[in-house]
Amino acid sequence: MTQVLFDNKTYPYEPVYNRVKQFYRTGTNFTNTVTVANNGQNGGFSLSFSNTDNKGIMENNTFNRKVINLGFSQNINKRLTASGNINYSKENNVNPPQLNAQDFSVSTVVFTLANSMPFQALRDNQTLPNGDEFVFSRFLVRNNPYYSMNYHFENILRDRIFGNLALKYQITDWLYLQGRIAQDYYIRNQDYNIPNGYAPIAKAPTGYVNGSYTQDVRQNTERNIDFILGGNKTFGKIGVDVTLGGNTRYARNDYNSVTVQDFVQPGLYTVANGRVKNPVYALSEKKINSIYGSATVSYNDYLFLTATARNDWFSTLAPLNRSILYPSVTGSFVFSQAFEKLPEWISFGKIRAAYAQVGSDNVNPYSNALYYQVDNNSFPNPSGQAVPVGGINTSVVPNKNLRPLRIQEAEVGLELKLFNNKVGFDFTYYHKTTNDQILSAQISDASSYTNKLINVGRSMNQGLEMALNFSPVVTTAFRWDVNANVSYNTSKVLQLGLSPNDTVITVSGGSGRVLNQVVGKPIGQLYTFMYLRDAQGRQVFDQNSGMPLRNNTLVDVGNALPSYFGGITNSFTYKGIYLSVLIDFKLGHKMIAGRNINYLRHGLSKRTLPGRDVGYVIGNGVNPNGEVNTTKAAVQPFYESLNPLGIHEDFVNNAGFWKLRQITLGYDFTKLLPQTFFIKGAKLSAVANNVLIIKKWTENMDPEDAMVTSDNSVGLDFWPGLPPTRTIGFNLNVRF
């Protein structure tokens, strides 16, 4: 069978199998590093150079990074030591994939194409004879993936230099003074285009072709200057270690951007070739001043008590609220050192307890003030004179009363090593309360704003962390080690705002996928619309159209944050051969796998099979009158209806998983080398990452493939991302 596509061209009408493997290529990553190091009695240095070349799985995507690192330490005299480290990196990222969108998002198109669309047809029909985009979809922003790769470009160049220099003066054998300065600076140049003839944008005036071109330049500087006065001394069985210090941190970000629209010469993407030019400049600065101190007292090397205090002043907050003092106290008791008559199978034992407070401004500069901008293009006033126009330069309501975030945490723990250190166990219980966390809450856009910043009140996290390591088999030639860790965490929102009525804040979402913070419930609750059902639980369909109806109340469908997470590593060594296998997991959370609603409305889901043979669907349920539904609904509109209704009931999935994360197999050739050989050591290993999904509960996706992973949008998925990849590589380490 054949089909007629594009400009009356005939192609085979057959399924396109292995679509992902056909479209995407096998990516490669090659990294080589050379290090030269020398150490002597008075100091040493290490100089390294590394180069990384990466070819992404999309055929137009490449990445290169070069890094030079120099570290040194030198005793200037008996009391003065200088040390430092400097790093320079240069990155070139060509055409990074566009994700979580439609325009030029190749993955969105590839994963929603009809199963009968041949890739060769897409390659052959990217543009019309006049150079305009050849539209192949009813959605103008769904572009031919080859058009997106060949006509849309993006380049990101970043030069970064960071390092530190420290001087330490040993005043006496127990007292020292250290000063340090550190700086991190990078400049990031980015340019990208909207190509000429792109269908969704308006036509250009006569004499021009449409399209746009953007150049962005970002400069970021962070500078830290600190000092530490420290001393440690022993008085018999009592040891004392005291430090006093201060730090000033300055951060600045400069943003220069210009976007030009419409061009004189087609295909020439430069600022000078543009008709309308829109420059933007933004400056952001912040500063944090800090003083801090700590004191540790020990008794006979088995009893330890440490107390600390720190005060920060944040420039981003109002003067009355910008200062915060937070202390901590930690105690530990090594009972295996204190008691001599413990059983021999106890090699080491320690109990510990701690209480600490930390603080943060947790907000961008100028969030406490309303600021303005002057439009770069002039507009005529009532008399016809062209004048610049100003306006509010934010969509977020400022809050001059923002307070610093404060976290209070208490924990207790037990550490044991048993049977001559063959078995190790570490157990921790923690309880953490977060106060005055600053979040951006959605508000009605009728006010011309979309969000407001608020101190949301209080939330609580508590949980257990456990680690176990043991060696089931140890012989002269063979060793098997097991390392396992598991964590359990639960949370609760305790308060939102000052009023008892402030019980819900919408953090993110839309179209029936919503992430809320709700008083009395765990942090990060997912909400969606459900099907309308009658009192007997039967689904209700529209009597006239046969379409499903919606319950107009958003329903809590679970928590987006995992309750359990951890991993198990098995390591084996045998006569220089070593094998390591890591399995990890996350469990106890949900996600709204919204990409499945895209597969549904495009006829790619198995859920759309019913009704295809007859051209209609009769929903299993009743009409609003309680009568059995008999109304026929056309197949395509029926399955498309859930998206505009925002009903994601069918796509709330358990987001947990078990994965075989990594396998490493290697051999150490060092013992085979002659002692006089110029090569002093050699190791070769093979590493496989993201090897296998052992168990998952999500439909048609890897649960880690969700494109929205920020804390404010966790658990909300809609557009397909890049296909998950398995990497297999080799590492060769040679020491001279």
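Everything numeric in this text was worked out from a predicted model, so none of it was measured.

How each quantity is defined
- Residues numbered from 1 in each chain as written.
- Predicted model: local features only at pLDDT ≥ 70, side-chain atom pairs only at ≥ 80, totals over all residues.
- Heavy atoms only, no water.
- Helix = DSSP H or I, 4+ residues; strand = E, 2+ residues; numbered from the N terminus.
- Buried < 20%, exposed > 50% of the residue type's maximum accessible area, 1.4 Å probe, protein only.
- Contact = heavy atoms within 4.5 Å.
- Areas by Shrake-Rupley, 256 points an atom, 1.4 Å probe, with all protein chains shown as cover.
- Lys, Arg positive; Asp, Glu negative; His and termini not counted.
- Charge placed at Lys NZ, Arg CZ, Asp CG, Glu CD.
- Pairing = 2+ DSSP bridges.
- Core = buried A, V, L, I, M, F, W, Y, C linked by side-chain atoms within 4.5 Å.
- Phe/Tyr/Trp six-rings, centres within 6.5 Å; stacked < 30°, edge-to-face > 60°.
- Lys NZ or Arg CZ within 6 Å of the ring centre and 35° of its normal.
- Salt bridge = Lys/Arg side-chain N within 4 Å of Asp/Glu carboxyl O.

Novice: So what's going on with the overall build of the protein chain? Residues and values would help.
Specialist: Secondary structure summary: the protein chain contains eight helices and 39 strands in total. Taken along the three principal axes of its C-alpha coordinates, the protein chain extends 90 × 70 × 70 Å. Relative to its 736 residues, the protein chain shows a buried fraction of 37%. Put simply, of all contacts in the protein chain between residues at least 6 apart along the chain, 66% involve residues at least 24 apart. Accessible area for the protein chain stands at about 39,900 Å²; split by element, carbon and sulfur atoms hold 56% of it. Side chains of the protein chain give 67 positive and 52 negative charges; the mean places of these two sets differ by 5 Å.

Novice: Please give an account of the side chain of serine 328 that cites residues and values.
Specialist: Along the chain, serine 328 turns up in strand 13 (residues 323–333). Those residues in contact with serine 328 that lie beyond four places of it in its chain are Thr306, Ala307, Thr308, Tyr355 and Ala356.

Novice: Describe in detail the pairing of strand 20 (residues 405–418), supporting the description with residues and values.
Specialist: Sheet topology places strand 14 (residues 346–360) next to strand 20; 14 bridges connect them, and they run antiparallel. In the strand pairing of strand 20, valine 358 is matched with isoleucine 407. Summarising the sheet, strand 20 and strand 21 (residues 423–435) pair through 13 bridges and their orientation is antiparallel. Note that in strand 21 the partner of glutamine 408 across the bridge is threonine 433. Joining the antiparallel neighbours strand 20 and strand 21 is a turn of four residues, in which phenylalanine 419 adopts a positive phi near 55 degrees.

Novice: Could you give me a rundown of unusual backbone geometry, with the residues and numbers involved?
Specialist: Unlike most non-glycine residues, asparagine 95 shows phi in positive territory, near 55 degrees. Checked against the element boundaries, asparagine 95 lands in the loop between strand 6 (80–94) and helix 2 (106–110). One non-glycine residue, asparagine 690, lies in positive phi territory at about 55 degrees. For asparagine 690, the location among the structural elements is in strand 37 (residues 681–696). Judged by relative accessible area, which is 21%, asparagine 690 ranks as partly exposed.

Novice: Give me the nonpolar core: which residues, what numbers.
Specialist: Core analysis: the biggest nonpolar cluster contains 21 residues, and Phe6, Phe23, Tyr24, Val106, Met117, Phe119 and Leu122 have the highest contact counts within it. Secondary structure elements with two or more residues in this core: helix 2, helix 3 (119–124) and helix 4 (145–151). Setting aside residues no more than four positions away along its own chain, methionine 117 makes contact with Leu5, Phe6, Val16, Leu122 and Phe136.

Novice: Outline the sheet that holds strand 35 (residues 652–654), supporting the account with residue identities and numerical values.
Specialist: Across the sheet, three strands lie side by side as 35-32-38; this open sheet has mixed pairing. The outermost strands of the open sheet, each flanked by one partner alone, are strand 35 and strand 38 (716–717). Note: strand 32 (residues 590–593) against strand 38, two bridges, orientation parallel. Residue pairing in the sheet places alanine 593 in a bridge with aspartate 717 of strand 38.

Novice: I'd love a proper account of the packing of aromatic side chains, names of residues and values included.
Specialist: Inspection of the entire model under this criterion finds 24 aromatic pairs. Ring centres of phenylalanine 333 and phenylalanine 339 lie 5.8 Å apart, and the angle between their planes is 85 degrees; this geometry places the pair in the edge-to-face category. Taken together through their ring pairs, the aromatic side chains of Phe23, Tyr24, Phe119 and Tyr146 make up a single cluster. Stacked on the ring of tyrosine 176, the Lys or Arg lysine 168 has its end atom at 4.5 Å from the ring centre. If you follow lysine 659 out to its NZ or CZ, it ends over the ring of phenylalanine 657, 5.2 Å from the centre.

Novice: Give me the lowdown on the pattern of salt bridges, citing residues and values where you can.
Specialist: As enumerated under the stated definition, the model contains 29 salt bridges in all. Across the salt bridge formed by aspartate 226 and arginine 180, the nearest N and O atoms sit 2.9 Å from each other. Pair noted here: aspartate 226 is in strand 9 (residues 209–235) and arginine 180 is in strand 8 (residues 175–194), with a separation of 46 residues, a long-range link. By relative accessible area, aspartate 226 is classed as buried at 10%. A cluster of three or more residues bridged by salt bridges with shared partners is formed by Asp584, Lys659, Arg661, Asp702 and Glu704.

Novice: Describe the environment of tyrosine 527, with residues and values.
Specialist: Inspection of the secondary structure assignment puts tyrosine 527 in strand 28 (residues 525–531). Sequence-wise, tyrosine 527 and alanine 318 are 209 residues apart; in three dimensions their C-alpha atoms are separated by 35 Å.

Novice: Describe the sheet that holds strand 23 (residues 451–455), naming the residues involved and giving the relevant values.
Specialist: In a beta sheet, neighbouring strands are held together by backbone hydrogen bonds and run either parallel or antiparallel to one another. Spatial strand order, 19-23-22: three strands in an open sheet with mixed pairing. Each edge of the open sheet is held by one strand with a lone partner, namely strand 19 (396–397) and strand 22 (438–442). Judged from the two bridges that link them, strand 19 and strand 23 form a sheet pairing that is parallel. Note on strand 23: the bridge partner recorded for valine 396 is asparagine 451.

Novice: Tell me about the environment of threonine 2, and please be specific about residues and values.
Specialist: Note that threonine 2 resides in strand 1 (residues 2–5). A relative accessible area of 58% means that threonine 2 is categorised as exposed. Sequence separation of threonine 2 and glutamate 14 is 12 residues, and the distance between their C-alpha atoms is 7.9 Å. Excluding residues within four positions of it along the chain, threonine 2 makes contact with Thr10, Tyr11, Pro12 and Tyr13.

Novice: I'd love a proper account of the environment of glycine 207, names of residues and values included.
Specialist: Relative to the helices and strands, glycine 207 is located in the loop between strand 8 and strand 9. A relative accessible area of 58% means that glycine 207 is categorised as exposed. On a C-alpha basis, the gap between glycine 207 and valine 264 in space is 6.9 Å, while along the polypeptide they are 57 residues apart. Setting aside anything within four residues of it in sequence, one finds glycine 207 in contact with Phe263 and Val264.

Novice: Kindly report on the side chain of asparagine 598, identifying the contributing residues and their values.
Specialist: Mapped onto the secondary structure, asparagine 598 falls in helix 6 (residues 595–601). The exposure class assigned to asparagine 598 is buried, which follows from its relative accessible area of 0%. Setting aside residues no more than four positions away along its own chain, asparagine 598 makes contact with Thr112, Arg142, Phe718 and Trp719.

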